[in-house]
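Fold and geometry: a report
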Amino acid sequence: MLNDIEFNTIVEGCEERELQALWLEVSSQLEYATWRHKLPTFASQKEAFLSVVERLMDSERLILIEGAPSQDVTPKELSPFERLRREFPKGEDEMDSGTWFLLETCPVRPQWKA
């Protein structure tokens, strides 16, 4: 979805921070970017964010650890990434400028690797 330059631009400055910082980079920076990958909708921003998180995990720069217990009937066998995808807010109101990542309703917490 994102090329290496876009990915690195988004991630730069977000390491060692909460997932909210990464969300704000994806949802606001790309909105105004002149790149070919414009993300005008919440759904497209969500997919780009999840893609960035997955890429960070694949490169072993980030792992997701379990946060608060699920309020949903989420099967225990789901990975933290799958829980994040499943329980991700449905829209901008629920996301509240990324505040959702700081609340107990967020099922995961970031653990950055050095």
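Residues numbered from 1 in each chain as written. Predicted model: local features only at pLDDT ≥ 70, side-chain atom pairs only at ≥ 80, totals over all residues. Heavy atoms only, no water.

**A short note on the packing of aromatic side chains**
Heads up, the rule is: Side-chain rings of Phe, Tyr and Trp, where Trp is taken by its six-membered ring, are said to pair if the distance between their centres is within 6.5 Å; with planes under 30 degrees apart they count as stacked, over 60 as edge-to-face, and otherwise as tilted. The helix count covers DSSP runs of H or I at least four residues long, the strand count covers runs of E at least two residues long, and both are numbered beginning at the N terminus. Only protein chains enter the accessibility calculation, which uses a 1.4 Å probe; a residue whose area is less than 20% of its type maximum is buried, one above 50% is exposed, and one in between is partly exposed.
For the coordinates displayed, the defined rule picks out 9 aromatic pairs. Ring geometry for W23 against F42: centres 5.5 Å apart, planes inclined by 55°, an arrangement best described as tilted. Of this pair, W23 sits in helix α2 (residues 19–32) while F42 sits in helix α3 (residues 42–58), and the two are 19 residues apart along the sequence. A relative accessible area of 3% places W23 in the buried class. With relative accessibility at 9%, the residue F42 sits in the buried group. Ring plane angle 70° and centroid distance 6.0 Å describe the contact between F88 and F101, whose orientation is recorded as edge-to-face. Taken as a pair, F88 in the loop between α4 (80–87) and α5 (92–95) and F101 in the loop between α5 and β2 (108–112) lie far apart in primary sequence, 13 residues in all. A relative accessible area of 1% means that F101 is categorised as buried. By way of ring pairs, the aromatic residues W23, F42, F49, F88, W100 and F101 are connected into one cluster.

**Digging into the nonpolar core**
Here is the rule we go by: We define the nonpolar core as a collection of buried residues of types Ala, Val, Leu, Ile, Met, Phe, Trp, Tyr and Cys that are connected through side-chain atoms lying within 4.5 Å of one another. Throughout, a residue-residue contact means that at least one pair of heavy atoms, one from each residue, lies within 4.5 Å.
Ranked by internal contacts, the top residues of the largest apolar core, which has 29 residues, are F49, L84, F88 and F101. Looking at this core, the element that brings in the most residues is α3, giving 7 residues. Setting aside residues no more than four positions away along its own chain, L84 makes contact with F49, L50, L64, W100, F101, P107 and V108.

**What to know about the environment of E18**
As for its placement among the helices and strands, E18 is situated in the loop between α1 (4–11) and α2. Distance in space between the C-alpha atoms of E18 and L102 is 7.8 Å, their sequence separation being 84 residues. Setting aside its immediate chain neighbours within four residues, E18 contacts L102 and P110.

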